[in-house]
Amino acid sequence: MVAIDGPAGAGKSTVARGVARALGFAHLDTGAMYRALTAKALGAGIDPSDGPALTSLAEHTELDFGPDGLIVDGHPVGREARAARVSRAVSAVSAHQGVRRELVRHQRKILSKGDVVAEGRDIGTVVAPDAPVKVFLTASIDERARRRHREMAEGGQEVSLPSLKDEIARRDAHDSSRPVSPLVPAADAVQLDTSNQTPREVVDKVIALVRERREAR
Ligand code: DC
């Protein structure tokens, strides 16, 4: 398997998708799991600070992984998981230990089934510390905000660039400083700054790394 971690907007999804396609691996977006649970919690009127209620919600959520991606309670995870109100609440939801325990359990089960490129914040450190290939992507905050802005505009969501930059900085700080599974590179992760690289260049570097590791074994 390949573990790809990093902050919001570092290019994880684009790179993970490209690497998975090139290698014939499945692509697991663990952020989408936290987002889907957050969307469900908001719909049920659960406060993002209510750890016990969120843990119970996670325990009563059915998570499957099919050829087209994640299926939550029988429905594919859709665009609602990327809505601005979900993005604002997801860091708080994902900081609860019980929520993480439950979602990590599902993630490990999915990873045990075969060749997967998994992206997230704690794949190389917590979910799969034995992953043979670990990559930690970074990019400047300005570049990450620009990418998210473009992505959202393409999806029909108009958000101001400065407010998006603020939100990403807030989410970074929150994700990096939480006591449970903070966003930190694994000691054995290869760090790549994607600010001045095309997705293609980064995908090629990760594939080269996978081949290198395979030959070394
Ligand atoms: O990658 P993303 O922006 O879709 O992730 C949404 C949030 O989910 C992110 O702010 C932190 C959380 N997350 C996490 O805590 N652990 C992961 N493995 C993946 C995402």
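Residues numbered from 1 in each chain as written. Predicted model: local features only at pLDDT ≥ 70, side-chain atom pairs only at ≥ 80, totals over all residues. Heavy atoms only, no water.

**Q** Before we go on, may I ask you to explain the sheet that holds strand β5 (residues 75-76) in this structure?
**A** Sheet strands line up and pair through hydrogen bonds in the backbone, either parallel or antiparallel. Across the sheet, 3 strands lie side by side as β3-β4-β5; this open sheet has antiparallel pairing. Strands at the two margins of the open sheet, each flanked by one partner only, are β3 (63-66) and β5. Where strand β4 (residues 69-72) lies against β5, 2 bridges are found, and the strand directions are antiparallel. In the sheet register, V72 faces β5, and the bridge partner there is H75. (Pairing = 2+ DSSP bridges. Helix = DSSP H or I, 4+ residues; strand = E, 2+ residues; numbered from the N terminus.)

**Q** Would you take a moment to explain the packing of helix α2 (residues 30-43) against helix α3 (residues 51-59) for this structure?
**A** When two helices pack together, their arrangement is captured by the angle between the axes and the distance separating the axes. Between α2 and α3, the shortest axis-to-axis distance is 11 Å and the interhelical angle comes to 115 degrees. As for the relative orientation of α2 and α3, their crossing is right-handed in sense. Residues L37, K40 and A41 of α2 pack against L54, L57 and A58 of α3. Of the residues belonging to the contact of α2 with α3, the class tally is 5 nonpolar, no polar and 1 charged. (Axes fitted to C-alpha atoms, helices over the stretch in contact; angles between N-to-C directions. Left-handed = near helix turned anticlockwise from the far one by under 90°. Contact = heavy atoms within 4.5 Å. Nonpolar A, V, L, I, M, F, W, Y, C, P; charged D, E, K, R; others polar.)

**Q** Honestly, the side chain of D5 in this entry has me stumped. Any pointers?
**A** Assignment of secondary structure puts D5 in strand β1 (residues 2-5). For the buried D5, no salt bridge is present, and the opposite-charge side chain at shortest range is R121, 7.0 Å distant. Among the polar contacts made by the side chain of D5, one reaches the main-chain amide nitrogen of I123 at a distance of 2.9 Å. Aside from chain neighbours lying at most four places away, what touches D5 is K12, G120, R121, D122, I123, G124, V135, F136 and L137. (Buried < 20%, exposed > 50% of the residue type's maximum accessible area, 1.4 Å probe, protein only. Lys, Arg positive; Asp, Glu negative; His and termini not counted. Salt bridge = Lys/Arg side-chain N within 4 Å of Asp/Glu carboxyl O. Polar contact = N/O pair within 3.5 Å; in protein donor to acceptor, adjacent residues only side chain to side chain.)

**Q** Hey, could you run me through the nonpolar core in this one?
**A** Generally speaking, nonpolar side chains in soluble globular proteins are found buried as a group. The biggest cluster of nonpolar side chains holds 29 residues, and the ones touching the most others in it are M1, L28, V99, L111 and I123. If you list the elements that add at least two residues to this core, you get α2, α3, β4, α4 (84-94), α5 (97-111), β6 (116-120) and α6 (123-127). Looking at which element gives the most residues to this core, the answer is α2, with 6 residues. Not counting residues within four places of it along the chain, the set of residues in contact with V99 comprises Y34, L37, L54, T55 and V93. Ranked by size, the runner-up nonpolar core spans 20 residues in total, among them A16, L23, V133 and I207. (Core = buried A, V, L, I, M, F, W, Y, C linked by side-chain atoms within 4.5 Å.)

**Q** Hey, could you run me through the site of the ligand in this one?
**A** With respect to spatial proximity, 17 residues lie near the ligand, and among them R35, R100, R121, D122 and R171 are the closest. Separating a nitrogen atom of the ligand from a side-chain N or O atom of T30 is a distance of 3.0 Å. In isolation the ligand has 450 Å² of accessible area, and contact with the protein removes 98% of it. The set of elements that each furnish at least two residues to the shell around the ligand consists of α2, α4 and α8 (161-177). No other element matches the 4 residues that α2 contributes to the shell around the ligand. (Near = heavy atom within 4 Å. Areas by Shrake-Rupley, 256 points an atom, 1.4 Å probe, with all protein chains shown as cover.)

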